[in-house]
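# Structural overview for review
Here are the chains, one letter per residue:
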Amino acid sequence: DTGVSQDPRHKITKRGQNVTFRCDPISEHNRLYWYRQTLGQGPEFLTYFQNEAQLEKSRLLSDRFSAERPKGSFSTLEIQRTEQGDSAMYLCASSWTGTGSGRAKDTQYFGPGTRLTVL
Amino acid sequence: RKEVEQDPGPFNVPEGATVAFNCTYSNSASQSFFWYRQDCRKEPKLLMSVYSSGNEDGRFTAQLNRASQYISLLIRDSKLSDSATYLCVVNGGNQGGKLIFGQGTELSVKP
């Protein structure tokens, strides 16, 4: 039984470069969430998918950010033209809204995160 | 005003102490409430859900007061391994399930 995985775990980039992160949710989970966490703060919601549909986006998600979940399984989060203020931990979580799962319904399970540093 | 507010701490306590964390939330439409634990540079992990009737899991007791929009977590007989940041979490109040996190309360348990 594997948990949520994220890749890469660490990314260092120069300002202005594009970066892409990947999240693989728990296999039977239909919802996938992206959050961002900066030092000393709790995670902040960015966006979420139910299957392949992106159902909500935070105002934090500027035009430089885009997320996809093309087949309703893994998801990618791309940041274009990175800025130093984008430096943060990007966390992915998944949950199951139906029945029949061995894990608690609607509980969000987090991946280990991708730590982004923009120089 | 933040949607979920916690005392950031840090709380420095000796082993065996009882420690209480408090949290308030602003969205009266929130339906689900949680405490997550986060170790340094790790992902948040669910500690326990919080119900109106209050719930207990071993040394941990969580309480919810909807009228006051207040959530608490009590840790009894604290262990060194309890040292972590405790995040108060509520759902966004709609069907989407997004979570709103407090900034976290840091706990350090000393021998």
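Refer to the structure above for everything that follows.
As a starting point, this report considers the structure included with it. The structure presented is a predicted model; accordingly, all values stated were derived computationally and were not measured.

## A few points about the interface of chain B and chain A
Accessible area lost upon the coming together of the parts serves often as the stated size of an interface. If you look at the interface, chain B gives 17 residues, while chain A gives 19 residues. Counting the surface lost from both chain B and chain A, the interface buries some 1,500 Å², and carbon and sulfur atoms represent 49% of this. Put simply, chain B and chain A have one salt bridge between them. The closest approach of N and O atoms between K98 of chain B and E56 of chain A, which form a salt bridge, is 2.9 Å. Remark: the boundary between chain B and chain A carries four residue pairs in polar contact (both at pLDDT 80 or more). Counting only elements with at least two residues in the side of chain B that touches chain A, the list comes to β4 (33–38), β5 (44–50) and β10 (99–101) of chain B. Each residue belonging to the side of chain B that touches chain A can be placed in one class, and the counts come to six nonpolar, seven polar and four charged.

## Things to note about the sheet that holds strand β8 (residues 70–75) of chain B
Residue and element names in this part refer to chain B. Read across the open sheet, the five strands follow the order β1-β3-β8-β7-β6; overall the sheet is antiparallel. Pairing within the sheet leaves two strands with one partner each, and these edge strands are β1 (4–6) and β6 (55–57). Adjacent strand axes in the sheet meet at a mean angle of 20°, parallel and antiparallel pairs treated alike. Summarising the sheet, β1 and strand β3 (residues 19–25) pair through three bridges and their orientation is antiparallel. Looking across to β3, one finds that Q6 is bridged to C23.

## Topic: the packing of aromatic side chains
The relation between two aromatic rings is expressed through the spacing of the ring centres and the mutual angle of the planes. Residues and elements named next belong to chain A. Within the structure shown, the criterion is met by 15 aromatic pairs over all chains. Arranged with centres 5.4 Å apart and planes meeting at 45°, the rings of Y35 and F110 form a pair that is tilted. One end of the pair, Y35, is in strand β4 (residues 31–37); the other, F110, is in strand β10 (residues 109–110), and 75 residues separate them in sequence. Each member of the pair, Y35 as well as F110, carries the same accessibility label: buried.

## A closer look at the environment of Q17 of chain A
Following the sequence through the fold, Q17 of chain A ends up in the loop between β2 (10–13) and β3 (19–24). Residue contacts for Q17 of chain A: discarding those within four places in its chain leaves I79, Q80, R81 and T82 of chain A.

## Observations regarding the side chain of E43 of chain B
Positionally, E43 of chain B belongs in the loop between β4 and β5. Buried E43 of chain B, no salt bridge; nearest opposite-charge side chain is K45 of chain B, N-O distance 4.2 Å.

## Observations concerning the nonpolar core
One finds F21, W35, I71, L73, I75, Y86 and L107 of chain B to be the most contacted residues of the largest nonpolar core, which totals 24 residues. Looking at this core, the elements that each hand over two or more residues are β3, β4, β5, β7 (60–65), β8, β9 (84–91) and β11 (105–110) of chain B. If you look at the next biggest cluster of nonpolar residues, it comprises 19 residues, including V4, L32, F49 and V118 of chain A.

## Focus on the layout of surface pockets
Space inside the largest pocket adds up to approximately 560 Å³. Every residue lining the largest pocket is counted, 26 residues in all, and those nearest its centre are Q37, L39 and G40 of chain A together with Q38 and R41 of chain B. Elements represented by at least two residues in the lining of the largest pocket include exactly β9 (88–95) and β11 (114–118) of chain A together with β9 and β11 of chain B. Residue classes in the lining of the largest pocket are distributed as ten nonpolar, eleven polar and five charged.

About the criteria used
Residues numbered from 1 in each chain as written. Chains lettered and ligands numbered in written order. Predicted model: local features only at pLDDT ≥ 70, side-chain atom pairs only at ≥ 80, totals over all residues. Heavy atoms only, no water. Contact = heavy atoms within 4.5 Å. Buried area = accessible area lost by both parts, 1.4 Å probe. Salt bridge = Lys/Arg side-chain N within 4 Å of Asp/Glu carboxyl O. Polar contact = N/O pair within 3.5 Å; in protein donor to acceptor, adjacent residues only side chain to side chain. Helix = DSSP H or I, 4+ residues; strand = E, 2+ residues; numbered from the N terminus. Nonpolar A, V, L, I, M, F, W, Y, C, P; charged D, E, K, R; others polar. Pairing = 2+ DSSP bridges. Axes fitted to C-alpha atoms, helices over the stretch in contact; angles between N-to-C directions. Phe/Tyr/Trp six-rings, centres within 6.5 Å; stacked < 30°, edge-to-face > 60°. Buried < 20%, exposed > 50% of the residue type's maximum accessible area, 1.4 Å probe, protein only. Lys, Arg positive; Asp, Glu negative; His and termini not counted. Core = buried A, V, L, I, M, F, W, Y, C linked by side-chain atoms within 4.5 Å. 1 Å grid on protein atoms, 1.4 Å probe; cavity = no way out; pocket = protein on both sides within 12 Å on 5 of 7 lines; lining within 4 Å. Points joined across faces, edges and corners; volume = space filled by probe spheres on them.

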